[in-house]
Amino acid sequence: MGISIKNIEVYFPERVLDNEELFKIFNDISPNDIFKRTGIKKRYISSREETASDMGVEASEALFLKTELKRNEIDFLIFCSECFDYIAPTTSCILQDRLKLQNSIGAIDLPYGCSGFVYGLGIANSLIISGMAKKILFITSDTPSKLIPESNFELRCLFSDIATACIIEKNKFDSQYVFGTDGSGYQNLIAVNSGFRHANKRNHDEKLPFGEMKMNSTEVFRFAIKKVPKLVKELLIRHQLEIEKIDLFVFHQASYYLLEIIRRKIKVPLEKFFVNLEFNGNSVSSSIPLALYEAEMKGVLKKGMKVMLVGYGIGFSWAGTIIEY
Amino acid sequence: MAYQQINNIRIDGIVSCVPSGIARTVDYNIISKEEQSLFIKTTGIKERRVASSDVTCSDLCYKAAFDLLEEFKCKDEIDVLIFVSQSPDYFLPATSIILQEKLKIPKTCMAFDVNLGCSGYVYGLSIVGSILQSGQFKKALLLVGDKSTISTSYTDKSAYPLFGDAGSATLLSYNENTSPWYFNLQSDGSGKDAIIIKDGHSRNPYNKDSDELIEIDKGIIRAKKHLALNGMDIFNFALREAAPNIKNLLEYSKTSIEEIDYFVFHQANKLINESLRKKLKINLDKVPYSIDLFGNTSSASIPLTICHQLQIELKSNNCKLLLSGFGVGYSWGSLICEVQSVYTKLIEND
Amino acid sequence: MTLEEFTRALELEFEEIQPGTISPETNYREIEGWSSMHALIVIAFIDNHYDIILSASDLKQTNTIKDLYLIVQQKEN
């Protein structure tokens, strides 16, 4: 037994940051060169007042609007983000109220980055198999733009604020999950002075009230090309599947080059390896559900297909599974 | 409904860790001697433990986990590591990942944080239970705790003297010779303002007004960056929701009050917990307290109470426990579980 | 419970008070040493005896012990 992902809906903030604007701001490499380096033409930026949970509400409301699903059918809520409304209480509790879900639901926040969607799926899978939940509303939403200094060209080129919402339900296909964690890499992608570790240094920059995101892109890159191919191999072994049996590979959309190197290493043809960074950027935990959503719209992804999902990044952390869509 | 039955789970050990620094209610000079004794009488809190400025919740959990893993010599077997807290080291990355490295747990482990307060231990156990139940993963380490004292304002008598710091580690394993566990989990976000840190995250980013001390009421002076607690609302919520949640769980699991050996409640405040005890008609000797010495330690209060009060009982006997956590969110949940020869220990961080 | 019994029973909850010092007409907020803690004691007492949980706004409408008693009676019916 496993789970299926249904009714994915997406929310994009209004403001778009394109390569032309980045060129205007930084007067550095040309818009075309930005695209060549990153594979990205535009990203979405949440407004100052708009939080990740607001975006999550928009995506969820779209979901309820487009489906027959009743709010009282939801019996568990998972909210995956790294930008919560408050230090306390839990944002998922506030979302229970804002989305008018029942009081009898369980609700948790999952503070996670790029591997967050697969982690959330893994937890949802356990909750559903154990009988704890039947219909889980799973929201991913993040606002990385709020942690990036205006002057950081590299990070502004990459990251994007996007929310997704979907329903997780029981399915016959038996999905296995492979997880990996290596905290020795925690300083390679971090919001410095953000939490309780250096509480006295926290909050002192009004422009970056949540701390400043710092990334050692070389280390993140090295980690990803080392770990992801191993993870793919292990997933295939665990599922006793040949790589040819996988209909579509949907990986976290980190950057074009990284994805391309990974694709070549695992020897998957282009048409089976979905990439949709171009008009979205790296949307952290939303990248995989967003890719699934767009792949389905384009007709690349169809019900019943075997899809390999892989998330990797901040932590370091990596996670993968194979689902039947 | 978020009821759940989980099979094949065993608690092997629980270690709790508190800082050595003690803050006594009688030394809290914002309130008069009379107010101090009334406070001790109603909340039960005589003293609390306060972590020094360079110690975080993850340090307390680390110490507890280190001790536990030494005892069981099983750090290489940990498949799942969960850190439940509202005081993480960083907003990103997740603290559980940092702890994986510090504890030298294998890189093949699943590690994630859950952001919950008073209900965190019960929620954490339900997530661990769900993950282990399938048998794919064999051993899990559940770390829960908070450093709440850093978030309260000294001049806020409604919050400052209530909270203590603590961390805990619980080792769980897949085991087919155990009886089922039963959970009942609930949420109500309409109570979000009852316990809240208003400024400092995405909804109200930190700004120059966040530090400004404001007199809310007599004896209640705090800034927006501080933890604000509406005692009356929390009190009402706990009286209204905790007892039915427990009663429904007893009914769902076909368990009578008499069958439960110990009811370990979140240590919120003695008046709340005593009301709950009387409502459910439970004998006093079945309801252990640790609030007198540690205050409200958020998600760590249940494991801390177990380590402080039930060490001998859990080591030697087969005990049926009902654990119940309720508070910030609002979020609340209860669990009925049978435990047997559990290693427990309470340690101090120096 | 009659109003008199209610008053005496509540008085017992406030351990610092000499028995017989409060009456149904006493404005409870003016009892010496009254604090927000006492409000919680009142709520717990009423919940214990009547299974009724008064809210902050319920309490706001009351001044005297008698008011408390009446609001409880009203909620009981």
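Just above, that's the structure.
As a starting point, this report considers the structure included with it. (Residues numbered from 1 in each chain as written. Chains lettered and ligands numbered in written order. Predicted model: local features only at pLDDT ≥ 70, side-chain atom pairs only at ≥ 80, totals over all residues.)

### Details of the overall build of chain B
Within chain B, the regular secondary structure consists of 9 helices and 17 strands. In terms of overall size, chain B behaves like a compact globule, its C-alpha atoms giving a radius of gyration of 19 Å where 350 residues would be expected to give roughly 20 Å. Based on the C-alpha atoms only, the size of chain B along its principal axes is roughly 55 × 45 × 35 Å. In chain B, buried positions account for 61% of the 350 residues. Put simply, of all contacts in chain B between residues at least 6 apart along the chain, 80% involve residues at least 24 apart. (Helix = DSSP H or I, 4+ residues; strand = E, 2+ residues; numbered from the N terminus. Rg over C-alpha atoms; globule rule 2.2 N^0.38 Å. Buried ≥ 20, exposed ≤ 12 C-beta atoms within 10 Å, placed from the backbone. Contact = placed C-beta atoms within 7 Å.)

### Describing the interface of chain C and chain B
Across the contact, 14 residues belong to chain C and 15 residues belong to chain B. At 9 residues, the largest contribution of residues to the side of chain C that touches chain B is made by helix α2 (residues 36-50) of chain C. Here the residues of the side of chain C that touches chain B sort into 8 nonpolar, 5 polar and 1 charged. (Nonpolar A, V, L, I, M, F, W, Y, C, P; charged D, E, K, R; others polar.)

### Things to note about the interface of chain A and chain B
Opposite the 65 residues of chain A that make contact, chain B presents 66 residues. Elements with a contribution of two residues or more to the side of chain A that touches chain B: α4 (91-98), β5 (106-111), α5 (116-129), β8 (177-181) and β9 (189-192) of chain A.

### A few points about helix α4 (residues 120-133) of chain B
Residues and elements named next belong to chain B. With 14 residues, α4 should cover 20 Å at 1.5 Å per step; its first-to-last C-alpha distance of 19 Å lies within 8% of that length. In terms of residue burial, α4 counts as a mostly covered element, since 14 of its 14 residues are buried. Two residues or fewer past α4, G135 is found with a positive phi of approximately 90°. (Expected span 1.5 Å × (residues − 1).)

### Comments concerning the packing of helix α7 (residues 217-239) of chain A against helix α8 (residues 256-266) of chain A
Two packed helices can be described by the angle between their axes and the distance between those axes. Residues and elements named next belong to chain A. Contact geometry for α7 and α8: axes closest at 10 Å, N-to-C directions at 35°. Considering how the two elements wind past one another, α7 and α8 form a crossing that is right-handed. Contact with α7, carried on its side by F221, A224, I225, V228, P229 and V232, involves L258, I261, I262, K265 and I266 of α8 and no other residues of that element. A per-class count over the contact of α7 with α8 returns 10 nonpolar, no polar and 1 charged. (Axes fitted to C-alpha atoms, helices over the stretch in contact; angles between N-to-C directions. Left-handed = near helix turned anticlockwise from the far one by under 90°.)

### With respect to the arrangement of the chains
Considering every one of the 2 pairs of chains in contact, the largest contact total is recorded for chains A and B. There is no contact between chain A and chain C; across them, the least C-alpha separation is 19 Å.

### Some points on unusual backbone geometry
For the bond from A:A88 to A:P89, the omega torsion is 0°, close enough to zero to count as cis. Residues other than glycine seldom take positive phi values, yet B:K73 does so here, at roughly 45°. Structurally, the position occupied by B:K73 is in the loop between α2 (57-72) and β5 (80-84). Backbone geometry places C:D51, a non-glycine residue, at a positive phi of 60°. Taking the number of C-beta atoms within 10 Å as the measure of exposure, C:D51 has 12 and is therefore exposed.

### A look at the sheet that holds strand β7 (residues 139-146) of chain B
Residues and elements named next belong to chain B. Read from one edge of the open sheet, 6 strands run β6-β5-β7-β8-β2-β17, paired in mixed fashion. Of all strands in the sheet, those bounded by a partner on one side alone are β6 (110-114) and β17 (343-349). Looking at each pair of strands side by side, their axes are set apart by 15° on average, direction ignored. Of the strand pairs in this sheet, β7 and strand β8 (residues 166-174) are connected by 8 bridges, and their pairing is antiparallel. Among the inter-strand pairings, G145 is bridged to a residue of β8, identified as G167. Helix-sheet contacts for α4 involve β2 (9-19), β5, β6, β7 and β8, and the interaxial angle to β7 is about 165°. (Pairing = 2+ DSSP bridges.)

### Structural notes on the nonpolar core
A:I78, A:V250, B:I82 and B:L143 are the most contacted members of the largest nonpolar core, which totals 246 residues. Beyond its immediate stretch of four places on either side in the chain, A:V250 contacts A:F274, A:I288, A:A291, A:L292, A:A295, A:V307 and A:L309. (Core = buried A, V, L, I, M, F, W, Y, C linked by C-beta atoms within 7 Å.)

### Notes on the environment of A:L292
Residues and elements named next belong to chain A. With respect to the secondary-structure elements, L292 resides in helix α9 (residues 287-297). A tally of 26 C-beta atoms within 10 Å means that L292 is categorised as buried. With 43 residues separating them along the chain, L292 and F249 place their C-alpha atoms 9.8 Å apart. In this structure, L292 is in contact with I5, I8, V250 and L301, ignoring residues within four places of it in sequence.

### Let's talk about α2(C)
In an α-helix, one turn spans 3.6 residues; hence positions three or four apart end up facing the same way. Look at α2(C): 21 Å from first C-alpha to last across 15 residues, which is about the 21 Å you get at 1.5 Å a residue. Burial in α2(C) covers these residues: C:M37, C:L40, C:I43, C:A44, C:F45, C:I46 and C:D47. On its buried face, α2(C) is in contact with α1 (33-43), α5 (231-252) and α6 (270-279) of chain B together with α1 (3-13) and α4 (65-76) of chain C. The first or second residue beyond α2(C) is C:D51, which carries a positive phi of 60°.

### Description of the sheet that holds strand β12 (residues 273-274) of chain A
All names here are of chain A. If you walk across this open sheet you meet the 5 strands as β8-β14-β13-β11-β12, and the pairing is mixed. Strand pairing shows two members of the sheet lacking a second neighbour, β8 and β12, which therefore form its edges. Summarising the sheet, strand β13 (residues 306-313) and strand β14 (residues 317-324) pair through 8 bridges and their orientation is antiparallel. Each bridged residue has a counterpart across the sheet, and for Y312 the counterpart in β14 is W318. Together, β8, β13 and β14 form the strand contacts of α7, whose direction differs from that of β13 by roughly 150°. Relative to the sheet, α9 contacts β11 (248-251), β12 and β13, its axis offset from that of β11 by approximately 145°.

### As for the pairing of β5(A)
Residue and element names in this part refer to chain A. Judged by how many residues are buried, β5 sits mostly within the fold: 6 of 6 residues are covered. Here β5 shows no split at all, with G106, I108 and L110 on one side and A107, D109 and P111 on the other all buried. Where strand β4 (residues 76-81) meets β5, 6 bridges bridge the pair, whose relative direction is parallel. Pairing of C80 across the sheet is with L110, part of β5.

### A few points about the pairing of β14(A)
On any regular strand, side chains alternate: one points to one face of the sheet, the next to the other face. Summarising burial for β14(A): 7 of the 8 residues are buried, a large majority. The antiparallel pairing of β13(A) with β14(A) creates a hairpin that spans 3 residues between the two strands, and A:G315 there sits at a positive phi of about 145°.

### Some details on the packing of α5(B) against α6(B)
Residues and elements named next belong to chain B. Relative orientation of the contacting elements α5 and α6 amounts to 30°, with a least axis distance of 10 Å. Of the possible angle classes, the one that applies to α5 and α6 is roughly parallel. Of the two possible hands of crossing, α5 and α6 adopt the one that is right-handed. Contact residues: α5 offers F235, A238, L239, A242 and A243, while α6 offers I272, S275, L276 and K279. Classifying every residue of the contact of α5 with α6 by side-chain character gives 7 nonpolar, 1 polar and 1 charged. (Parallel < 35°, antiparallel > 145°, perpendicular 65-115°, else oblique.)

### Let's talk about the environment of B:L162
All names here are of chain B. Among the secondary structure elements, L162 is positioned in the loop between β7 and β8. We classify L162 as buried; it has 24 C-beta atoms within 10 Å. Sequence-wise, L162 and T43 are 119 residues apart; in three dimensions their C-alpha atoms are separated by 7.9 Å.

Don't take any of this as a statement about function, it's just geometry.
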